[in-house]
Amino acid sequence: DFLSKNENVNGWVLKLPYSTNRHGISFPADEASVFDALIRRNKEFARVHYAILQNRLCNRKEYRVVLLNGKASHLANVGYNPSPQKAFSRHPHTELFSFAEQSLVILKDRCPSSIVDGLVRVDVMCTDNGDMVVNEFESLEADHGGTIDEEFAVSTFLTNHWEKIILEKLTKLGYISS
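Residues numbered from 1 in each chain as written. Predicted model: local features only at pLDDT ≥ 70, side-chain atom pairs only at ≥ 80, totals over all residues. Heavy atoms only, no water.

Undergrad: Explain the pairing of strand β6 (residues 119-126) to me, please; I cannot follow it from the model alone.
TA: Taken residue by residue, a regular strand's side chains alternate between the two faces of the sheet. Counted residue by residue, β6 has eight buried out of eight residues, so it is predominantly covered. Judged by which residues are buried, β6 turns out to be covered on both faces: L119, R121, D123 and M125 on one side and V120, V122, V124 and C126 on the other are all buried. Bridge analysis of strand β4 (residues 63-68) against β6 gives six bridges, and the strand direction is antiparallel. Across the sheet, the residue bridging to Y63 is V124, located in β6. Looking at chain direction, β6 and strand β7 (residues 132-139) are connected through seven bridges and run antiparallel. Residue pairing across strands places V122 opposite F137, the latter belonging to β7. (Buried < 20%, exposed > 50% of the residue type's maximum accessible area, 1.4 Å probe, protein only. Helix = DSSP H or I, 4+ residues; strand = E, 2+ residues; numbered from the N terminus. Pairing = 2+ DSSP bridges.)

This is how it looks when you write it as C-alpha coordinates:
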(Lines give C-alpha, C1' and ligand atoms only; values in the text may rest on other atoms or scores of the structure.)
Protein backbone atom coordinates (compact mmCIF):
# COMPACT_ATOMS: atom_id res chain seq x y z
CA ASP A 1 0.00 0.00 0.00
CA PHE A 2 2.87 2.39 0.84
CA LEU A 3 4.46 1.84 -2.55
CA SER A 4 1.26 2.43 -4.50
CA LYS A 5 0.49 5.63 -2.54
CA ASN A 6 4.05 6.94 -2.94
CA GLU A 7 4.94 6.38 -6.55
CA ASN A 8 8.51 7.46 -7.18
CA VAL A 9 9.85 7.97 -10.68
CA ASN A 10 13.47 7.70 -9.44
CA GLY A 11 12.96 4.27 -7.86
CA TRP A 12 13.70 3.29 -4.30
CA VAL A 13 16.52 2.70 -1.84
CA LEU A 14 16.06 -0.44 0.24
CA LYS A 15 18.34 -0.65 3.30
CA LEU A 16 18.70 -3.66 5.56
CA PRO A 17 20.03 -3.65 9.13
CA TYR A 18 23.71 -2.79 9.51
CA SER A 19 24.04 -1.49 5.96
CA THR A 20 27.50 -0.04 5.55
CA ASN A 21 29.51 0.76 2.47
CA ARG A 22 26.52 -0.15 0.28
CA HIS A 23 26.46 -3.75 1.60
CA GLY A 24 22.82 -4.71 2.15
CA ILE A 25 21.50 -1.85 0.00
CA SER A 26 19.43 -2.32 -3.15
CA PHE A 27 18.03 0.15 -5.65
CA PRO A 28 14.74 -1.37 -6.87
CA ALA A 29 12.94 0.53 -9.62
CA ASP A 30 9.36 -0.57 -8.88
CA GLU A 31 7.12 -2.46 -6.45
CA ALA A 32 7.90 -5.91 -7.87
CA SER A 33 11.65 -5.21 -7.62
CA VAL A 34 11.28 -4.16 -3.96
CA PHE A 35 9.75 -7.51 -3.03
CA ASP A 36 12.24 -9.44 -5.17
CA ALA A 37 15.09 -7.69 -3.34
CA LEU A 38 13.54 -8.46 0.07
CA ILE A 39 13.11 -12.14 -0.78
CA ARG A 40 16.67 -12.38 -2.16
CA ARG A 41 18.19 -10.58 0.86
CA ASN A 42 16.14 -12.69 3.29
CA LYS A 43 17.66 -15.85 1.78
CA GLU A 44 21.13 -14.27 1.78
CA PHE A 45 21.08 -13.11 5.41
CA ALA A 46 18.90 -15.91 6.86
CA ARG A 47 16.46 -13.41 8.33
CA VAL A 48 15.75 -9.74 7.76
CA HIS A 49 14.43 -8.17 10.97
CA TYR A 50 13.46 -4.91 9.34
CA ALA A 51 13.97 -2.94 6.16
CA ILE A 52 14.01 0.78 5.44
CA LEU A 53 12.47 1.91 2.18
CA GLN A 54 13.23 5.45 1.00
CA ASN A 55 12.60 7.43 -2.15
CA ARG A 56 15.67 7.44 -4.34
CA LEU A 57 16.71 11.04 -4.88
CA CYS A 58 18.17 12.47 -8.07
CA ASN A 59 20.62 14.53 -6.00
CA ARG A 60 22.41 12.03 -3.77
CA LYS A 61 24.83 14.55 -2.29
CA GLU A 62 24.89 14.15 1.48
CA TYR A 63 26.16 16.58 4.08
CA ARG A 64 27.24 15.02 7.37
CA VAL A 65 26.73 17.59 10.10
CA VAL A 66 28.56 16.91 13.38
CA LEU A 67 26.69 18.10 16.49
CA LEU A 68 28.21 18.35 19.95
CA ASN A 69 25.58 18.59 22.69
CA GLY A 70 23.02 19.57 20.06
CA LYS A 71 25.04 22.36 18.46
CA ALA A 72 26.50 22.08 14.96
CA SER A 73 30.28 21.96 15.01
CA HIS A 74 31.37 21.20 11.44
CA LEU A 75 30.81 19.02 8.39
CA ALA A 76 32.45 15.63 8.78
CA ASN A 77 32.83 15.11 5.06
CA VAL A 78 30.56 15.24 2.07
CA GLY A 79 29.15 11.87 1.13
CA TYR A 80 28.23 10.54 -2.26
CA ASN A 81 28.52 12.91 -5.23
CA PRO A 82 30.58 15.83 -3.90
CA SER A 83 30.27 17.81 -7.16
CA PRO A 84 29.62 21.54 -6.69
CA GLN A 85 26.71 21.38 -9.15
CA LYS A 86 24.79 19.19 -6.66
CA ALA A 87 25.49 21.45 -3.67
CA PHE A 88 22.46 22.65 -1.75
CA SER A 89 24.41 24.37 1.01
CA ARG A 90 27.31 26.81 1.01
CA HIS A 91 29.79 27.94 3.64
CA PRO A 92 29.07 28.95 6.42
CA HIS A 93 26.15 26.46 6.14
CA THR A 94 23.89 28.43 8.51
CA GLU A 95 20.63 27.01 7.16
CA LEU A 96 22.02 23.46 6.99
CA PHE A 97 23.36 23.64 10.55
CA SER A 98 20.07 25.06 11.84
CA PHE A 99 18.13 22.29 10.05
CA ALA A 100 20.36 19.60 11.61
CA GLU A 101 20.01 21.11 15.11
CA GLN A 102 16.20 21.36 14.78
CA SER A 103 16.02 17.80 13.45
CA LEU A 104 17.81 16.56 16.55
CA VAL A 105 15.40 18.50 18.79
CA ILE A 106 12.48 16.80 17.03
CA LEU A 107 14.10 13.36 17.35
CA LYS A 108 14.69 13.86 21.09
CA ASP A 109 11.08 15.03 21.52
CA ARG A 110 9.56 12.12 19.60
CA CYS A 111 12.01 9.46 20.81
CA PRO A 112 12.97 10.46 24.37
CA SER A 113 14.88 7.20 24.97
CA SER A 114 17.25 7.74 22.04
CA ILE A 115 20.92 8.08 22.95
CA VAL A 116 21.77 11.41 21.36
CA ASP A 117 23.73 13.26 24.00
CA GLY A 118 27.30 14.14 23.26
CA LEU A 119 28.29 13.38 19.69
CA VAL A 120 25.60 13.05 17.00
CA ARG A 121 25.95 13.22 13.25
CA VAL A 122 22.96 14.24 11.17
CA ASP A 123 23.21 13.20 7.53
CA VAL A 124 21.21 15.62 5.37
CA MET A 125 20.14 15.30 1.74
CA CYS A 126 17.92 17.39 -0.54
CA THR A 127 14.67 16.26 -2.18
CA ASP A 128 13.94 16.81 -5.85
CA ASN A 129 11.83 19.86 -4.92
CA GLY A 130 14.64 21.46 -2.89
CA ASP A 131 13.65 20.55 0.68
CA MET A 132 16.30 19.32 3.11
CA VAL A 133 15.61 15.90 4.64
CA VAL A 134 17.38 13.78 7.24
CA ASN A 135 18.84 10.66 5.68
CA GLU A 136 19.91 9.29 9.05
CA PHE A 137 21.08 10.09 12.57
CA GLU A 138 24.36 8.58 13.76
CA SER A 139 25.49 8.61 17.38
CA LEU A 140 28.17 7.14 19.62
CA GLU A 141 30.41 5.77 16.87
CA ALA A 142 29.59 8.41 14.25
CA ASP A 143 32.39 9.20 11.85
CA HIS A 144 33.20 12.82 12.67
CA GLY A 145 36.21 13.33 10.42
CA GLY A 146 37.27 16.86 9.62
CA THR A 147 40.34 19.02 9.86
CA ILE A 148 42.96 18.27 12.52
CA ASP A 149 41.56 21.11 14.67
CA GLU A 150 37.99 19.77 14.31
CA GLU A 151 39.12 16.22 15.13
CA PHE A 152 40.97 17.49 18.21
CA ALA A 153 37.94 19.54 19.34
CA VAL A 154 35.63 16.52 19.01
CA SER A 155 38.08 14.21 20.78
CA THR A 156 38.52 16.69 23.63
CA PHE A 157 34.76 17.23 23.86
CA LEU A 158 34.03 13.49 24.02
CA THR A 159 36.70 12.87 26.66
CA ASN A 160 35.35 15.65 28.87
CA HIS A 161 31.70 14.76 28.20
CA TRP A 162 31.99 11.09 29.15
CA GLU A 163 34.38 11.75 32.04
CA LYS A 164 31.81 14.12 33.55
CA ILE A 165 28.96 11.58 33.13
CA ILE A 166 31.02 8.74 34.64
CA LEU A 167 32.15 10.86 37.60
CA GLU A 168 28.55 11.97 38.26
CA LYS A 169 27.35 8.35 38.23
CA LEU A 170 30.18 7.13 40.49
CA THR A 171 29.52 9.98 42.92
CA LYS A 172 25.77 9.29 42.92
CA LEU A 173 26.43 5.58 43.60
CA GLY A 174 28.76 6.50 46.48
CA TYR A 175 31.95 5.10 44.98
CA ILE A 176 33.67 8.48 45.18
CA SER A 177 32.95 11.56 47.27
CA SER A 178 32.23 14.94 45.75
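Undergrad: Please explain the nonpolar core as it appears in this structure.
TA: Generally speaking, soluble globular proteins have nonpolar side chains that are buried together. Judged by nonpolar contacts, the single largest core of 14 residues is most densely connected at V65, L67, L75, L96, L104 and V122. A total of five residues in this core trace back to one element, the largest contributor, which is helix α3 (residues 94-110). When residues no more than four places from it in sequence are discounted, the contact partners of L104 are L67, G70, V116, V120 and F137. (Core = buried A, V, L, I, M, F, W, Y, C linked by side-chain atoms within 4.5 Å. Contact = heavy atoms within 4.5 Å.)

Undergrad: Even after reading the chapter, I still don't get the side chain of S103, so can you show me in this structure?
TA: Relative to the elements of secondary structure, S103 occurs in helix α3. On the basis of relative accessible area, S103 is assigned to the buried category, the value being 10%. For S103, the side chain forms a polar contact with the main-chain oxygen of F99, separated by 2.8 Å. Excluding residues within four positions of it along the chain, S103 makes contact with V134 and F137. (Polar contact = N/O pair within 3.5 Å; in protein donor to acceptor, adjacent residues only side chain to side chain.)

Undergrad: Is there a simple way to think about helix α4 (residues 148-172) in this case?
TA: The end-to-end C-alpha distance of α4 is 36 Å, a good match for the 36 Å that 25 residues give at a rise of 1.5 Å each. Of the residues making up α4, those classed as buried are V154, F157, L158 and H161. In the stretch just after α4, G174 is the one whose phi turns positive, near 85°. (Expected span 1.5 Å × (residues − 1).)

Undergrad: Is there a simple way to explain the packing of aromatic side chains in this structure?
TA: What describes a pair of aromatic rings is the distance from one ring centre to the other and the angle between the planes of the rings. In this structure the tally under the stated criterion is one aromatic pair. Ring geometry for Y63 against F88: centres 4.7 Å apart, planes inclined by 90°, an arrangement best described as edge-to-face. Remark: F88 occurs in the loop between β5 (71-78) and α3 and Y63 occurs in strand β4; sequence separation between them is 25 residues. Residue classification places F88 among the partly exposed positions, given a relative accessible area of 21%. (Phe/Tyr/Trp six-rings, centres within 6.5 Å; stacked < 30°, edge-to-face > 60°.)

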